[in-house]
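# Secondary and tertiary structure notes
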Amino acid sequence: MGQFFQKTEQNDCLLKKKDYHFEYTECDSSGSRWRVAIPNSAVDCSGLPDPVRGKECTFSCASGEYLEMKNQVCSKCGEGTYSLGSGIKFDEWDELPAGFSNVATFMDTVVGPSDSRPDGCNNSSWVPRGNYIESNRDDCTVSLIYAVHLKKSGYVFFEYQYVDNNIFFEFFIQNDQCQEMDTTADKWVKLTDNGEWGSHSVMLKSGTNILYWRTTGILMGSKAVKPVLVKNITIEGVAYTSECFPCKPGTFSDKPGSFNCQVCPRNTYSEKGAKECIKCDEHSQFSEEGSSECTERPPCTTKDYFQIHTPCDEEGKTQIMYKWIEPKICREDLTDAIRLPPSGEKKDCPPCNPGFYNNGSSSCHPCPPGTFSDGTKECRPCPAGMEPALGFEYKWWNVLPGNMKTSCFNVGNSKCDGMNGWEVAGDHIQSGAGGSDNDYLILNLHIPGFKPPTSMTGAMGSELGRITFVFETLCSADCVLYFMVDINRKSTNVVESWGGTKEKQAYTHIIFKNATFTFTWAFQRTNQGQDNRRFINDMVKIYSITATNAVDGVASSCRACALGSEQSGSSCVPCPPGHYIEKETNQCKECPPDTYLSIHQVYGKEACIPCGPGSRSTQDHSVCYSDCFFHHEKENQSLHYDFSNLSSVGSLMNGPSFTSKGTKYFHFFNISLCGHEGKKMALCTNNITDFTIKEMVAGSDDYTNLVGAYICQSTIIPSESKGFRAALSSQSIILADTFLGVTVETTLQNINIKEDMFPVPPSQIPDVHFFYKSSTTTTSCVNGRSTAVKMRCNPTKPGAGVISVPSKCPAGTCDGCTFYFLWESAEACPLCTEHDFHEIEGACKRGFQETLYVWNEPKWCIKGISLPEKKLSTCETVDFWLKVGAGVGAFTAVLLVALTCYFWKKNKKLEYKYSKLVMTTNSKECELPAADSCAIMEGEDNEEEVVYSNKQSLLGKLKSLATKEKEDHFESVQLKSSRSPNI
């Protein structure tokens, strides 16, 4: 960027004309340099003084002094001037000081200070605003650059305001080789509270230092960002300064050797280089602090006064009065000027706020400990078995409560310093007039801590209290109401904001931590630089502010408490976590399993609220959670799911999306499906380049840029989008911090997953749905945000699987309040059972047979039971049975042949005997009356023909043979004889 040259005091030449000046040469290797005379531009001067040896390179003058080059000695600055000695300071920003430059970049396109910038960035630059310089308000990247050459090491210091995290604000240093210096390794500047100036300093090395103040706005459909403000840039380490700086207008220096200038008080002014301030004409003129001129006082109007409600007097009366806004700058004696309206009639004072009582006096006092009052009656002790319900309920605004205060602040001036930012108005408190339209009107409420009732010890992470306020805004310009929270006096963070006119509504903020809290309401009529009161009628009204379970609170009522088993009087005892108060005995009793204790009601068993489907309660019954196991009955089949391998945080980078000017960004989601016994494991960060948060950071309660939840979202700006060295994370929000339940149904507590939102599952395995909600409400999500995660079995996606969002809602949500995710993984399949495999029997070999078990295809299960081992069993083969059959057949054939021969032979013998008998009978046919005989004599042959009747089959004969020992068998035979049938 070039060398930084110190211009020196001009000296007279031989002709007593300032035709030349002195400068030092560059330091040589020995640390020496020479003072030389340099002719001024467009001057032809001869006879210049000879070079002389100069002061050593590390020489510098003290504060309030400068180096007089002619004699090379340090001299004190005169009145009306100042000097830092070895430094330079930039505190006037009416225009861009010499040496500073603006460079705009957009989407990797570097744009110089000329008019050749691309559309949208033509007017993007840092803008001087008098006492400070203001950054751009769009999503261009603009750098404010200053180069300085130091002879020795030093530092740079500046004051700034940085309140909007929609802007990235960096400060870093490069050398003359455009290499970033290691002194600015942490180049991200911290946010400041609204209306407060922060400071930042960085060490500088000797040599060339190029200083960069760089801002980048991130506009994603949100309102205009609040710019960064910088003032009082001081650079130390310059070897010398050869002249003193004149005091800027509105300041003065009345002593020689000053190192700074003092600000002129009100109703005075000064010009540049003033030794003192000049008073204005008090009757007709006025001026603010640090003014460079006096202003004529205008005629008074209705914008120059405000109304107040007087405190209650001894008669219990109050009235409306009108007062001029201080300091009064208007005149009542001019034409068309108005005068203060007369005071209103006296009216009865409103009652005291609940928990307070006036005790017959004109002021309200808090009830003593252990007593209560509704504000209209005297304080009374709580009945036996009951305790005061501590807190604050402000709904009458006759005087400002003791734990509240009001103030006014302006970034660019001190007009409203000392003014009341808010005014009480009977049934509400409203924003005051202020000094100008861009003032911040501040209202603070301080509460030293929160604790649950005596009967509730409070589980870690459970609700301890809440603050609720009812308000409305009436605006004709771009007014904004900010609600901010400060914890332990460390940093104030904006919780919610409302812009423009808003109807009467209530807002609730939940407290989870017992700490010192300061709640702040800040109202600004417009953020445009204005020193007048055009929008004096724009205001905000707060009707009531209620804080529960406040440590130093008062009681407007009593509530039931638990009594000890051996109670004395009405002493209350704390119940252990997860215990409710039994109505019959007023004793503590533990909530049933899988229920959690209500944080608003502990009296009666109904205080134990059942957990949602598929969830269980923690040991202290503070919250419900999922243990990552789920059971479902389907068609007489039991399905068991184990999501434990998915319980670690899953991530989804969704996008890219683009702003109206083309800035690329992504939505980054972290999902903690089951958490860890109610602990939320998903973390999102702001302004952090590493998405992986170390455990030591995650465990810190003071890490304000970190949010923890079941599901959270961050906006990621990739490094290539804005020329950053690494991706940036911002705008982290909690999507889900409460677990509702897990079920196969698609609807739970008004969260509905439509059928056409995701593709149809490829199997009959039912999807499992996890439902969550966020306890924090916003102006656009009055019931808070809610989230549904559909778990789908997909064997083709092992491990963590894939997370996606509906195609109809590419940002994960269609309305900004309900978010949907599809998580496909093999780990989302049910556990395997005996219904998921079948057996295959092998062939019988050598007397043994194998039985194998294989999974059904396609396989829609995981883990669970394992496949049984293959089974080996004995068996008889086919060859063996063939041999047995052949043997039996051969034996049967032989037996049949033998029996056939046996019976054939026997039949022949019997046939012969019958024949003999017939023949014998024929030979004795004349011998009468002897009886017939069928006997055949032994040795005789029966040669007669035999005719059988009722002849048995072979099988019958075998049966007869088998039974011949049991009964006698006779065969009926008809003998055919040659005799006449008449015989």
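Treat the numbers as computed from the prediction; the structure is a model and nothing was measured.

What counts, and at which threshold
- Residues numbered from 1 in each chain as written.
- Predicted model: local features only at pLDDT ≥ 70, side-chain atom pairs only at ≥ 80, totals over all residues.
- Heavy atoms only, no water.
- Helix = DSSP H or I, 4+ residues; strand = E, 2+ residues; numbered from the N terminus.
- Buried < 20%, exposed > 50% of the residue type's maximum accessible area, 1.4 Å probe, protein only.
- Contact = heavy atoms within 4.5 Å.
- Areas by Shrake-Rupley, 256 points an atom, 1.4 Å probe, with all protein chains shown as cover.
- Pairing = 2+ DSSP bridges.
- Axes fitted to C-alpha atoms, helices over the stretch in contact; angles between N-to-C directions.
- Phe/Tyr/Trp six-rings, centres within 6.5 Å; stacked < 30°, edge-to-face > 60°.
- Lys NZ or Arg CZ within 6 Å of the ring centre and 35° of its normal.
- Disulfide = S-S within 2.5 Å.
- Core = buried A, V, L, I, M, F, W, Y, C linked by side-chain atoms within 4.5 Å.
- Polar contact = N/O pair within 3.5 Å; in protein donor to acceptor, adjacent residues only side chain to side chain.
- Salt bridge = Lys/Arg side-chain N within 4 Å of Asp/Glu carboxyl O.
- Lys, Arg positive; Asp, Glu negative; His and termini not counted.
- pLDDT = per-residue confidence, 0-100.

## Examining the overall build of the protein
- What the protein contains, in helices and strands, is 4 helices and 73 strands.
- For the protein, the residues scored as buried account for 46% of the 983 residues in total.
- In the protein, once contacts between residues fewer than 6 apart in sequence are set aside, the share between residues at least 24 apart is 65%.
- Carbon and sulfur atoms make up 51% of the accessible area of the protein, which amounts to about 50900 Å² in all.

## Some details on the sheet that holds strand β67 (residues 802-804)
- Spatial ordering of the open sheet is given by β62-β65-β66-β68-β67, a layout of 5 strands whose pairing is mixed. Each of the sheet's edge strands pairs with one partner strand only, and the pair in question is β62 (738-743) and β67. Ignoring strand direction, the axes of neighbouring strands in this sheet form an average angle of 20 degrees.
- Across 3 bridges, the pairing between β67 and strand β68 (residues 818-825) is antiparallel. Among the inter-strand pairings, S804 is bridged to a residue of β68, identified as L822.

## A word on the packing of aromatic side chains
- The tally for this structure, following the rule as stated, stands at 45 aromatic pairs.
- Judged by centre distance (6.2 Å) and plane angle (55 degrees), the rings of F739 and F770 are tilted. Placement of the pair is F739 in strand β62 and F770 in strand β65 (residues 768-773), with a sequence separation of 31 residues. Summarising the burial analysis for this pair, F739 and F770 share the class buried.
- Geometry around F22 places R35 over its ring, the cationic atom sitting 3.8 Å from the centre.
- Sitting over the face of the ring of Y543, K504 holds its NZ or CZ atom 4.1 Å from the ring centroid.

## Some points on the state of the cysteines
- Applying the stated criterion to the full structure yields 19 disulfides.
- In this model C475 forms its disulfide with C479; the gap between the sulfur atoms is 1.8 Å. Its torsion about the S-S bond being 95 degrees, the disulfide of C475 and C479 is classed as right-handed.
- For C475, a relative accessible area of 17% gives the class buried.

## A closer look at unusual backbone geometry
- Omega for the peptide link from E326 to P327 comes to -5 degrees, which places this bond in the cis form.
- Inspection of the secondary structure assignment puts P327 in the loop between β28 (320-324) and β29 (347-348).
- For the peptide bond that leads from E857 to P858, omega is -5 degrees, which places it in the cis range.
- When you line up the elements, P858 lands in the loop between β70 (848-855) and β71 (871-874).
- Its identity as a non-glycine residue notwithstanding, C628 has a phi of 75 degrees, on the positive side.
- Structurally, C628 can be placed in the loop between β53 (624-625) and β54 (629-634).

## Structural notes on the nonpolar core
- Counting 45 residues, the largest nonpolar core has F519 and W521 as the members making the most contacts within it.
- Excluding anything up to four places from it in sequence, F519 contacts L443, N444, L445, I447, F450, I467, F483, M484, V485, H509 and I511.

## Looking at the environment of D254
- With respect to the helices, strands and loops of the structure, D254 is situated in the loop between β20 (251-252) and β21 (262-263).
- D254 gets classed as partly exposed once you look at its relative accessible area, which sits at 36%.
- Sequence-distant contacts of D254, that is, excluding residues within four places in its chain, are made with E79, Q262 and K275.

## Thoughts on the pairing of strand β38 (residues 440-447)
- Of all 8 residues in β38, 7 are buried; the element is thus mostly enclosed.
- Sheet analysis places strand β35 (residues 404-409) next to β38, joined by 6 bridges and oriented antiparallel. Bridging from a neighbouring strand, C408 pairs with L441 of β38.
- Bridge count for β38 against strand β43 (residues 517-524) is 7 bridges, and the pairing is antiparallel. Counted as the bridge partner of I442 is A522 from β43.

## Focus: the side chain of T526
- For T526, the position within the fold is in the loop between β43 and β44 (539-548).
- With a relative accessible area of 2%, T526 lands in the buried category.
- At a separation of 2.8 Å, a polar atom in the side chain of T526 contacts the side chain of D478.
- Once you skip the residues sitting within four places of it in the chain, T526 turns out to touch D437, N438, D478 and F535.

## Section: the pattern of salt bridges
- Counted according to the given criterion, the structure contains 18 salt bridges.
- A salt bridge links R339 to E332; its shortest N-O distance comes to 3.6 Å.
- The exposure class of R339 is exposed, given its relative accessible area of 60%.
- When its relative accessible area of 25% is taken as the criterion, E332 is described as partly exposed.
- The partner of K790 in a salt bridge is D767, with the nearest N and O atoms 3.6 Å apart.

## Considering the sheet that holds β43
- Ordered by their spatial adjacency, 5 strands build an open sheet running β35-β38-β43-β40-β41, and the pairing between neighbours is antiparallel. Of all the strands in the sheet, just β35 and β41 (492-499) have a single pairing partner and so form its edges. Averaged over all pairs of adjacent strands, the angle between strand axes in this sheet comes to 20 degrees, irrespective of strand direction.

## Thoughts on the side chain of K248
- Note that K248 resides in the loop between β19 (245-246) and β20.
- Buried and without a salt bridge, K248 has D91 as its closest oppositely charged side chain, separated by 4.7 Å.
- One polar contact links the side chain of K248 to the main-chain carbonyl oxygen of D91, over a distance of 3.0 Å.
- Filtering out sequence-adjacent residues up to four positions away, K248 remains in contact with D91, E92, N131, S270, E271 and K272.

## Digging into the environment of N750
- Relative to the helices and strands, N750 resides in the loop between β63 (747-748) and β64 (751-752).
- Judged by relative accessible area, N750 falls into the exposed class, the value being 80%.
- The sequence separation of N750 and S786 amounts to 36 residues, and the corresponding C-alpha distance is 9.4 Å.

## Quick look at the confidence of the model for the protein
- Per-residue confidence for the protein gives a mean pLDDT of 79; residues scoring 70 or more make up 81%.
- Low pLDDT (under 50) marks residues 107-118, which in the prediction has 25 contacts with non-local residues, meaning those over four places away or in another chain.
- Across residues 964-983 the pLDDT falls below 50, and counting only partners more than four positions away or on other chains, this stretch makes 21 contacts in the model.

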